[in-house]
Amino acid sequence: MNHIEAVILDWAGTVVDYGSVAPTTIFVEAFKQAYDFDISLAEARVPMGMGKWDHIKTLGQLPSVDKRWQAKFGQAMTDDIVDEIYQTFMPLQKAKVAQHATPINGALDTISWLKAQQIKVGSCSGYPREVMEILVPEAAKQGYTPDYWVASDDTIGSRPGPWMALENVQKLGINDVANCIKFDDSAPGITEGLSAGMWTVGLAVTGNAIGLTEAEWRDLSAQEQSLLREKAYSELFQAGAHFVVDSLADAIPVIQQIMAKRARYLRP
């Protein structure tokens, strides 16, 4: 008896887009174009994993951003301003996302293993549907075709709520949420899985927690990699992840551990 029925995979930083680069740089560009306002890449990464409108609003509420914003504009960022930045963000994101659809090394091997075990592959993202409709077919050309996918605006709410993960449960016909594993590289994505009653696995090196491209990561010294890896593991464990690995390529042993736990009727 297979005690794991499905995995629910995030997209950027988990299966594609090593370092979750595509969305981060676009937030910086959108703020600059819409309001000639500078935010840093580090600030842009703080809310990563949330739906993009919520991400922009949360960015505006960061103390460092809010202080500079009020100094420049004399008031806090309003929802109307968030709407304007979001409208600037969307075409920039749609133009960029196809360039970051290449699967991360080893991800497709793990997905092939899952399918050989008759484990369904669901997915969800902080991207809205109009972006996903570009990303999904582009990723399919490069070998990644999940059994189901959900966009951030397909449900009544997005991360850190459970709705996208639970939409996968419904559409994939899963019998028990405890038979699902949610993989994500961000804290809101880990919370999403926990809120849905799933096992959660954080991905430290390939995603937002470190935020470097594969080439940038490889250029670091072993000591630099070790320090960044330790920080990323800590961040994801603090978010509540049951397990953390470097990448999806390293996930099979953890999946087998969770299988063994479910065989003993343990729940997340």
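Residues numbered from 1 in each chain as written. Predicted model: local features only at pLDDT ≥ 70, side-chain atom pairs only at ≥ 80, totals over all residues. Heavy atoms only, no water.

**Q** Tell me about the environment of Ala204, residues and numbers included.
**A** For Ala204, the location among the structural elements is in the loop between strand 4 (199–203) and helix 10 (214–218). As a C-alpha pair, Ala204 and Lys115 span 89 residues in sequence and 24 Å in three-dimensional space. Not counting chain neighbours up to four residues away, the residues in contact with Ala204 comprise Ala209, Ile210, Ala232, Tyr233, Leu236, Val244, Val245 and Asp246. (Helix = DSSP H or I, 4+ residues; strand = E, 2+ residues; numbered from the N terminus. Contact = heavy atoms within 4.5 Å.)

**Q** Explain the packing of helix 6 (residues 107–116) against helix 12 (residues 252–263) to me, using residue names and the numbers behind them.
**A** Where helix 6 meets helix 12, the axes come as close as 11 Å, and the angle between the chain directions of the two elements is 30°. Here helix 6 is positioned roughly parallel relative to helix 12, judged by the angle of their axes. Counted together, Thr110, Trp113 and Leu114 of helix 6 and Ile252, Ile255, Gln256 and Met259 of helix 12 form the full contact between these two elements. Of the residues contributing to the contact of helix 6 with helix 12, the split by class is 5 nonpolar, 2 polar and no charged. (Axes fitted to C-alpha atoms, helices over the stretch in contact; angles between N-to-C directions. Parallel < 35°, antiparallel > 145°, perpendicular 65-115°, else oblique. Nonpolar A, V, L, I, M, F, W, Y, C, P; charged D, E, K, R; others polar.)

**Q** How would you summarise the nonpolar core if you had to cite specific residues and measurements?
**A** A general feature of soluble globular proteins is that nonpolar side chains tend to end up buried together. Formed by 60 residues in total, the largest nonpolar core has its most connected members in Leu9, Trp11, Phe31, Ile85, Ile181 and Phe183. Considering each element in turn, this core owes the most residues, 8 residues, to helix 5 (residues 79–97). Residues contacting Ile85, with those up to four places away along its chain left out, are Ala30, Phe31, Ala34, Tyr35, Ile56, Trp69 and Met77. Ranked by size, the runner-up nonpolar core spans 14 residues in total, among them Tyr18, Val205, Ala209 and Ala232. (Core = buried A, V, L, I, M, F, W, Y, C linked by side-chain atoms within 4.5 Å. Buried < 20%, exposed > 50% of the residue type's maximum accessible area, 1.4 Å probe, protein only.)

**Q** Got a sec to walk through unusual backbone geometry? Specific residues and values, please.
**A** The peptide bond linking Arg159 to Pro160 adopts the cis configuration, its omega dihedral lying at 10°. Within the secondary structure, Pro160 sits in the loop between helix 7 (129–141) and helix 8 (163–172). Its identity is not glycine, yet Asp17 carries a phi of approximately 60°, on the positive side. With respect to the helices and strands, Asp17 occurs in the loop between strand 1 (6–9) and helix 1 (21–35).

**Q** Residues and numbers for the packing of aromatic side chains, please.
**A** Taken as a whole and judged by the stated rule, the model has 10 aromatic pairs. Three or more aromatic residues joined by ring pairs form one cluster here, namely Phe31, Tyr35, Phe37, Trp69 and Phe73. Positioned over the ring face of Tyr127 is Lys52, at 5.0 Å from the centre of the ring. (Phe/Tyr/Trp six-rings, centres within 6.5 Å; stacked < 30°, edge-to-face > 60°. Lys NZ or Arg CZ within 6 Å of the ring centre and 35° of its normal.)

**Q** A description of the pairing of strand 1 should follow, citing residues and the corresponding values.
**A** Here strand 1 shows no split at all, with Ala6 and Ile8 on one side and Val7 and Leu9 on the other all buried. Two elements, strand 1 and strand 2 (residues 120–123), share 4 bridges in a ladder whose sense is parallel. Its bridge partner being in strand 2, Val7 is matched across the sheet by Val121. Bridge count between strand 1 and strand 3 (residues 180–184): 4 bridges; the pairing is parallel. Residue pairing in the sheet places Val7 in a bridge with Ile181 of strand 3. (Pairing = 2+ DSSP bridges.)

**Q** Please provide a residue-by-residue account of the sheet that holds strand 2, values included.
**A** A sheet is described by the order of its strands in space; here 5 strands give the open sequence 2-1-3-4-5, paired in parallel fashion. Either end of the sheet is taken by a strand with one partner, and the two such strands are strand 2 and strand 5 (243–245). Each neighbouring strand pair of the sheet contributes to a mean axis angle of 25°, computed without reference to strand direction.

**Q** So, the side chain of Gln93: which residues are in play, and what are the values?
**A** Positionally, Gln93 belongs in helix 5. Each residue touching Gln93, except ones within four places of it in the same chain, is listed here: Ala22, Pro23, Ile26, Tyr127 and Val131.

**Q** Provide a residue-level description of the pairing of strand 3, including the pertinent values.
**A** For strand 3, the tally of buried residues reaches 5 of 5 residues, placing the bulk of the element in the interior. By the alternation rule, side chains of strand 3 split into Cys180, Lys182 and Asp184 and Ile181 and Phe183, which are all buried. Inspection of the sheet shows strand 3 paired to strand 4 by 4 bridges, in the parallel sense. Directly across from Ile181, in strand 4, lies its bridge partner Trp199. Tracing the backbone out of strand 3, into helix 9 (residues 187–195) and back to the parallel element strand 4 gives a crossover that is right-handed. (Right-handed = clockwise from strand over helix to strand, strands pointing away.)

Nothing here speaks to function; it is geometry throughout.
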